[in-house]
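Architecture and fold: a report
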Amino acid sequence: MIRIEDLAAPGVQKLTAYDPGYDPETIRQMLGLPRMLELGSNENGYGASPAVTELLRSRDFSDAIRYPDAGARKLRQAIAARWQVDPSAITLGNGSHELLVLIAETFVAPGDEVVFAQHGFAVFKLAAIASGGKPVEVPALPRSGPQPLGADPVAMTAALGPGTKLVYLANPNNPTGTWWDRATLAQFLAQVPRHAVVVIDEAYREYVDEAEVPDALSLQALHPNLVVTRTFSKAHGLAAMRVGYAISNPDLAAVLERTRLTFNVNLYAQAAAAAAIVDVAHVEDVRRSNAAERAALSAGLQALGLFVFPSQGNFVLVDFERPAKVIEEALLKRGAIVRPMGGYGLPTCLRITVGLAQENTEFLSLLARVLQEDLA
Ligand SMILES: Cc1ncc(COP(=O)(O)O)c(C=O)c1O
C-alpha cells in the first residue's frame, strides 16, 4: 500500500505544519461565549492608521476584476522612501512569513545547513526542513542571564561553517522577547561566511524602545548577504492584509524575484500598506502605548509571583514553573486566548500579547482567579 505521505518531498515528510493558534471566532462559537480576549497572536489592538481604514472604506472594489500590479511599484516606492533605500532593494511577501520561506526555497539546496537559535521563531526550522536543508538549532542562553533563553551569540558564531547557507535571527525574538545589541549583531555578522545569507527578522522592530537594539538596515552597507524582513502585521495593525517586506542588496532581491509568486500581494493589501507606511506618527503612538502597557502587564504578572521575560515586542513570555497547558486551557474556557509554548520546548511558559489597557487589566484578574482556583 502506498502511503501518500511517502510521495512528498523528503523535507516535507519530516515536517509538521506551523501552529497558527486559535481562530478567535471559531473558538468563541465552540465555547458559546459572547466574546474572546484575543492575546494569542501578537496582533495590534490599537488598530491601523486611520488613513488606512478611510482608504479601504472609500473603495468600491470594481477593480477586483483586474490583477494587481505584480511589481507593486507604489508600495515599494513608499517603503523605499520611508527607509531611504532603493525600491529595487525591496521584495514584498504575503506576510513576512512567506518571505522567510521564500528565502530558504531560493537559497537552500538539500543538505545545506540552516542556522537558527533554540526557541527562535518557529518558521525558521520549518522553512529549513521544507527546503531540504539541514536545521542547525543552536542552544539558547540560560534562563538566569540578562537575555533569558535568548539566542547565544557565541554558540551561534561557533555553529557557522563551510556548510552554512542560511542564518535566521529574529531581533527581537518571538517568543522569548529577547534581543541582541548593536555590537553583538555587528560582531556576529562579521563572522558569517560570505557564502551564507543572513536573515534578520525584524517583525517587531517598530516596538523596540531600547536604544541599544540595532536597526539591522544600518549594517547592510557592510554585508551584501544580509536580508532584513519586516511586516505590516504588527505595529501597523494590518495582520489580515498579509503584507511583509524584505530589504536586501538589489542583486539578492533580483534572485528572490525569480521564485516569488507573481501576484503574491493583492491590490487592496498593497494600497493599505502604502497608506500605513507613511503614517509614522501612528506607529509611534502604538510604540509608546505598547511600551507603557508592556511594563504594566509585566508588573502585574510579576505581582502574581511569575517569572516574566524582558521583551522588546508586543508580547511577554511568562514562566509558570509548572506545566502551563492546563493554565492556558483554563484561561481559554473563561474567554482568554494566550499561546501555549510546548511547541517551542517551553512547556512551563505561556506567551501573552500586550493588549489594550482594559484588556490587560481584565486578563490579569482572570489569570489571578485561574491561579487561585488551581491552587485551592
Ligand atoms: C518573529 C516573527 N517573524 C515573522 C512573523 C510573520 O508575520 P507575518 O507573516 O504576519 O508578517 C511573525 C508572526 O508572528 C513573527 O513573530
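In this text, all values refer to a predicted model and were calculated from it rather than measured experimentally.

**With respect to a nonpolar patch on the surface**
Together, I2, I4 and L7 make up an exposed nonpolar region whose accessible area comes to about 370 Å². Following the sequence through the fold, I4 ends up in helix α1 (residues 4–7).

**Topic: the packing of aromatic side chains**
Under the defined criterion, the tally for this structure stands at nine aromatic pairs. When the ring of F61 is compared with that of Y268, the centres are 4.7 Å apart and the planes differ by 55 degrees; the resulting orientation is tilted. Of this pair, F61 sits in the loop between α4 (50–58) and α5 (73–83) while Y268 sits in helix α11 (residues 267–278), and the two are 207 residues apart along the sequence. With relative accessibility at 14%, the residue Y268 sits in the buried group. Seen in terms of ring centroids, F121 and F124 are 5.8 Å apart; in terms of plane orientation they differ by 85 degrees. Their pairing is edge-to-face. When sorted by exposure, F121 lands in the same class as F124, which is buried.

**Considerations on the environment of P50**
Examined against the element boundaries, P50 turns out to sit in helix α4. Classification of P50 by relative accessible area gives exposed; the value is 56%. Expressed as a C-alpha distance, the spacing of P50 and A276, which sit 226 residues apart in the sequence, is 8.8 Å. Setting aside anything within four residues of it in sequence, one finds P50 in contact with D279 and H282.

**Description of the site of the ligand**
For the ligand, the full set of nearby residues is G95, S96, H97, F121, N174, D201, A203, Y204, T231, S233, K234 and R242. In this structure, S96 approaches the ligand through a main-chain N or O atom, which is 2.7 Å from an oxygen atom. Separating an oxygen atom of the ligand from a backbone N or O atom of H97 is a distance of 2.9 Å. Here the ligand, which alone exposes 400 Å², has 93% of that area covered by the protein. Grouping the amino acids of the shell around the ligand by side-chain chemistry returns three nonpolar, six polar and three charged.

**Observations regarding the side chain of N290**
Take N290: it is sitting in helix α12 (residues 280–303). On the basis of relative accessibility, which here comes to 1%, the residue N290 falls in the buried class. In this view, N290 contacts Y46, Y207, G313, N314 and V354; residues no more than four positions away in its chain are not counted.

**Re the sheet that holds strand β6 (residues 197–201)**
The sheet built from seven strands is open, its strands ordered β2-β8-β7-β6-β5-β3-β4 with mixed pairing. Looking along the sheet, the strands with just one partner apiece sit at the ends: β2 (90–93) and β4 (134–138). Neighbour-to-neighbour, the strand axes of the sheet open up by a mean angle of 20 degrees, direction not taken into account. Inspection of the sheet shows strand β3 (residues 113–117) paired to β4 by five bridges, in the parallel sense.

**Structural notes on empty space enclosed by the protein**
Using the criterion set out here, one finds one cavity of 30 Å³ or more in the structure. Taken together, the residues of the lining of the largest cavity break down into ten nonpolar, eight polar and no charged.

**Points about the nonpolar core**
Core analysis: the largest hydrophobic core is formed by 46 residues, its most contacted members being M156 and F232. Top element by residues in this core is α11. It accounts for six residues. In this structure, I103, F124, V199 and L346 belong to the second largest nonpolar core, which totals 30 residues.

**What to know about the packing of helix α6 (residues 96–107) against helix α10 (residues 250–259)**
The relative placement of two packed helices comes down to the angle between their axes together with the axis-to-axis distance. Relative orientation of the contacting elements α6 and α10 amounts to 95 degrees, with a least axis distance of 9 Å. By the angle between their axes, α6 is roughly perpendicular relative to α10. On α10, the residues that touch L102, I103, T106 and F107 of α6 are L252, V255, L256 and T259. By residue class, the composition of the contact of α6 with α10 is six nonpolar, two polar and no charged.

Calculation notes
Residues numbered from 1 in each chain as written. Predicted model: local features only at pLDDT ≥ 70, side-chain atom pairs only at ≥ 80, totals over all residues. Heavy atoms only, no water. Patch = residues over 30% accessible without salt bridge, like charges linked within 9 Å, V, L, I, M, F, W, Y side chains within 5 Å. Areas by Shrake-Rupley, 256 points an atom, 1.4 Å probe, with all protein chains shown as cover. Salt bridge = Lys/Arg side-chain N within 4 Å of Asp/Glu carboxyl O. Helix = DSSP H or I, 4+ residues; strand = E, 2+ residues; numbered from the N terminus. Phe/Tyr/Trp six-rings, centres within 6.5 Å; stacked < 30°, edge-to-face > 60°. Buried < 20%, exposed > 50% of the residue type's maximum accessible area, 1.4 Å probe, protein only. Contact = heavy atoms within 4.5 Å. Near = heavy atom within 4 Å. Polar contact = N/O pair within 3.5 Å; in protein donor to acceptor, adjacent residues only side chain to side chain. Nonpolar A, V, L, I, M, F, W, Y, C, P; charged D, E, K, R; others polar. Pairing = 2+ DSSP bridges. Axes fitted to C-alpha atoms, helices over the stretch in contact; angles between N-to-C directions. 1 Å grid on protein atoms, 1.4 Å probe; cavity = no way out; pocket = protein on both sides within 12 Å on 5 of 7 lines; lining within 4 Å. Points joined across faces, edges and corners; volume = space filled by probe spheres on them. Core = buried A, V, L, I, M, F, W, Y, C linked by side-chain atoms within 4.5 Å. Parallel < 35°, antiparallel > 145°, perpendicular 65-115°, else oblique.

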